[in-house]
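Topology and contacts: notes
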Amino acid sequence: DQAEGDTENLIGLIQRKTGEARENIEDALEDMMAGGSGAVSRATEAARHYAENVAAAARTRYEQAVSGVRGGYQDAEGLVRRHPTESVAAAFGAGLITGVVVGLMLRSR
């Protein structure tokens, strides 16, 4: 706060408080800045790596879901082809039950 963001003021303040030579303070500040940027770089790299892993896992899950849906569709299609009459009757029954339930819900309002 006392340095108010000014490097010259900061160096002067540290010099007054510690009695250390200006060059030593400048070197120490440069080392801290270099270490800080390295830490930021490492954190950025870790975040990028984590994001790549998450994206790969999401892509894998998506592909598994698509494969499962395709398999289910093919199974349903095969069932309808083997039992067309029963399939139509089941669809009609499901539609009839759904219609009755929706009608009762609308009537109760």
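Residues numbered from 1 in each chain as written. Predicted model: local features only at pLDDT ≥ 70, side-chain atom pairs only at ≥ 80, totals over all residues. Heavy atoms only, no water.

It is worth spelling out the overall build of the protein at this point. Check the secondary structure of the protein and you find 3 helices and 0 strands. When the helices and strands of the protein are listed from N to C terminus, the series reads α-α-α. Relative to the 2.2 N^0.38 estimate, which gives 13 Å for 109 residues, the radius of gyration of the protein is 35 Å and therefore markedly larger than a compact globule would have. Taken along its principal axes, the extent of the C-alpha atoms in the protein is 95 × 40 × 15 Å. (Helix = DSSP H or I, 4+ residues; strand = E, 2+ residues; numbered from the N terminus. Rg over C-alpha atoms; globule rule 2.2 N^0.38 Å.)

For the rest of this paragraph, the subject is the confidence of the model for the protein. Any segment with low pLDDT has predicted coordinates that should not be analysed in fine detail. Mean pLDDT for the protein: 86, with 92% of residues reaching 70 or above. Between the elements of the protein, mean pLDDT differs from a low of 81, seen in helix 1 (residues 7-18), to a high of 95, seen in helix 3 (residues 84-108). (pLDDT = per-residue confidence, 0-100.)

Compared with an ideal rise of 1.5 Å per residue, which puts 12 residues at 16 Å, helix 1 spans 16 Å between its outermost C-alpha atoms and is within 8% of the ideal. Phi for Gly19, located one or two positions after helix 1, is positive at around 80 degrees. (Expected span 1.5 Å × (residues − 1).)

Glancing now at the pattern of salt bridges. Following the criterion strictly, the structure yields 4 salt bridges and no others. The shortest N-O distance in the salt bridge between Glu26 and Arg22 comes to 3.2 Å. Of the two residues, Glu26 and Arg22 are both situated in helix 2 (residues 22-82); the distance of 4 residues between them amounts to about one turn of the helix. On the accessibility criterion, Glu26 (27% relative accessible area) is partly exposed. (Salt bridge = Lys/Arg side-chain N within 4 Å of Asp/Glu carboxyl O. Buried < 20%, exposed > 50% of the residue type's maximum accessible area, 1.4 Å probe, protein only.)

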